[in-house]
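Coordinate inspection notes
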Amino acid sequence: MEITTVGELLHWSYANLVMAHAANTAKAEKYGRKQFMIRARLYSGLNKQTMNIGSLADDERLKIILPQACCYCGSREYLTIDHLIPTKRGGANSGDKLVWACRSCNSSKCARDALEWFDERNQFSPILLLRCYLKLAIEICRERDLMSVPLAEVPELPFSLGTIPRIYPSPNVLRLWITELT
Ligand SMILES: [Zn+2]
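Okay, so let's go over this structure. Bear in mind the structure is a predicted one, so any value in this text is a computation, not a measurement.

1. Quick notes on the overall build of the protein chain
Along its length, the protein chain carries 6 helices and 2 strands. Listing each helix as α and each strand as β along the protein chain from the N terminus yields α-α-α-β-β-α-α-α. The C-alpha atoms of the protein chain give 16 Å as radius of gyration, which agrees with the globular expectation for 182 residues (16 Å, within 12%). Taken over 182 residues, the protein chain has a buried fraction of 27%. In the protein chain, the proportion of contacts linking residues at least 24 apart, taken out of those at least 6 apart, comes to 75%.

2. What to know about the environment of Ala69
Within the secondary structure layout, Ala69 lies in the loop between helix H3 (56–65) and strand S1 (79–83). Spatially, the C-alpha atom of Ala69 lies 9.1 Å from that of Ile178, the residues being 109 residues apart in sequence. Apart from residues no more than four positions distant in its own chain, Ala69 is found in contact with Gly74, Ser75, Arg76, Trp100 and Thr179.

3. Here we look at helix H1 (residues 6–25)
For H1, with 20 residues, the first-to-last C-alpha span of 28 Å sits near the 28 Å given by 1.5 Å per residue. Among the 20 residues in H1, 14 count as buried, and that is most of the element. Looking one or two residues beyond H1, the residue adopting positive phi is Lys27, at roughly 55°.

4. Things to note about helix H2 (residues 33–48)
With 16 residues, H2 should reach 22 Å at 1.5 Å per residue; the first-to-last C-alpha distance of 22 Å fits that figure. Buried residues along H2 sit in contact with H1. Gln49 sits one or two residues past H2 and shows a positive phi near 60°.

5. Overview of the packing of H1 against helix H6 (residues 127–143)
Contact geometry of H1 with H6 gives a least axis separation of 10 Å together with a crossing angle of 155°. Here H1 is positioned roughly antiparallel relative to H6, judged by the angle of their axes. Considering how the two elements wind past one another, H1 and H6 form a crossing that is left-handed. Every residue of H6 that contacts H1 at Val6, Leu10, Ser13, Tyr14, Leu17, Ala20, His21 and Asn24 is listed here: Ile127, Leu130, Arg131, Leu134, Ala137, Ile138 and Cys141. The residue inventory of the contact of H1 with H6, partitioned by class, reads 11 nonpolar, 3 polar and 1 charged.

6. What about unusual backbone geometry?
With a phi close to 50°, Tyr78 is a non-glycine residue in the positive phi region. Here Tyr78 shows up in the loop between H3 and S1. What makes Tyr78 exposed here is the crowd of 12 C-beta atoms within 10 Å. Residues other than glycine seldom take positive phi values, yet Asn122 does so here, at roughly 50°. By the secondary structure assignment, Asn122 is in the loop between helix H5 (114–120) and H6.

7. Some details on the nonpolar core
With 40 residues, the main nonpolar core has Leu10, Tyr14, Ala15, Tyr133, Leu134 and Ala137 as its most contacted residues. For this core, the elements supplying multiple residues, two or more each, are H1, H2, strand S2 (98–102), H5 and H6.

Reading the values: rules and limits
- Residues numbered from 1 in each chain as written.
- Predicted model: local features only at pLDDT ≥ 70, side-chain atom pairs only at ≥ 80, totals over all residues.
- Helix = DSSP H or I, 4+ residues; strand = E, 2+ residues; numbered from the N terminus.
- Rg over C-alpha atoms; globule rule 2.2 N^0.38 Å.
- Buried ≥ 20, exposed ≤ 12 C-beta atoms within 10 Å, placed from the backbone.
- Contact = placed C-beta atoms within 7 Å.
- Expected span 1.5 Å × (residues − 1).
- Axes fitted to C-alpha atoms, helices over the stretch in contact; angles between N-to-C directions.
- Parallel < 35°, antiparallel > 145°, perpendicular 65-115°, else oblique.
- Left-handed = near helix turned anticlockwise from the far one by under 90°.
- Nonpolar A, V, L, I, M, F, W, Y, C, P; charged D, E, K, R; others polar.
- Core = buried A, V, L, I, M, F, W, Y, C linked by C-beta atoms within 7 Å.

The following block contains the structure:
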């Protein structure tokens with residue numbers, strides 16, 4: 001798989017995420033032919049703009065079922081608000097970027113990006129957190145007109161393209177969220 005532009009990288013990761021989510025929901029042990037087809041179709045559709053990512057509003061609704069707990073460690077104590085992708089811009093959509101983080105994770109994470117933080121702990125981000133993160137990343141790059149820019153020529157971004165996963169673990173080791181969802 002040759003990935004040269006920002007859009008290809010983000011679309012590839014998103015298509016893998018949708019595949020991983022479907023396989024994880026189906027309790028599959030590993031990815032099969034059907035799932036690889038879902039991924040290939042979505043990746044190609046996103047690149048050709050005949051398909052689109054799910055709306056951020058889906059993730060907003062998700063907040064109703066997510067427990068009010070730190071999205072990094074699951075603690076329910078000393079919760080603070082953290083920006084999933086910190087942008088200086090703020091504005092009407094900034095609510096989409098807000099997640100719960102306990103005081104301890106918030107201070108140890110500091111200004112680090114959420115994916116960098118999981119990486120350093122040798123953990124793979126929970127699926128639903130990563131989904132929200134990728135949607136935000138795609139939104140930011142679309143706004144800045146960066147989707148067709150080669151990866152080597154990207155200006156500074158509020159998140160790190162280097163931590164966007166290209167390879168996903170098998171579905172049976174992935175988790176939807178840091179804690180059990182009820
Ligand atoms: Zn925490």
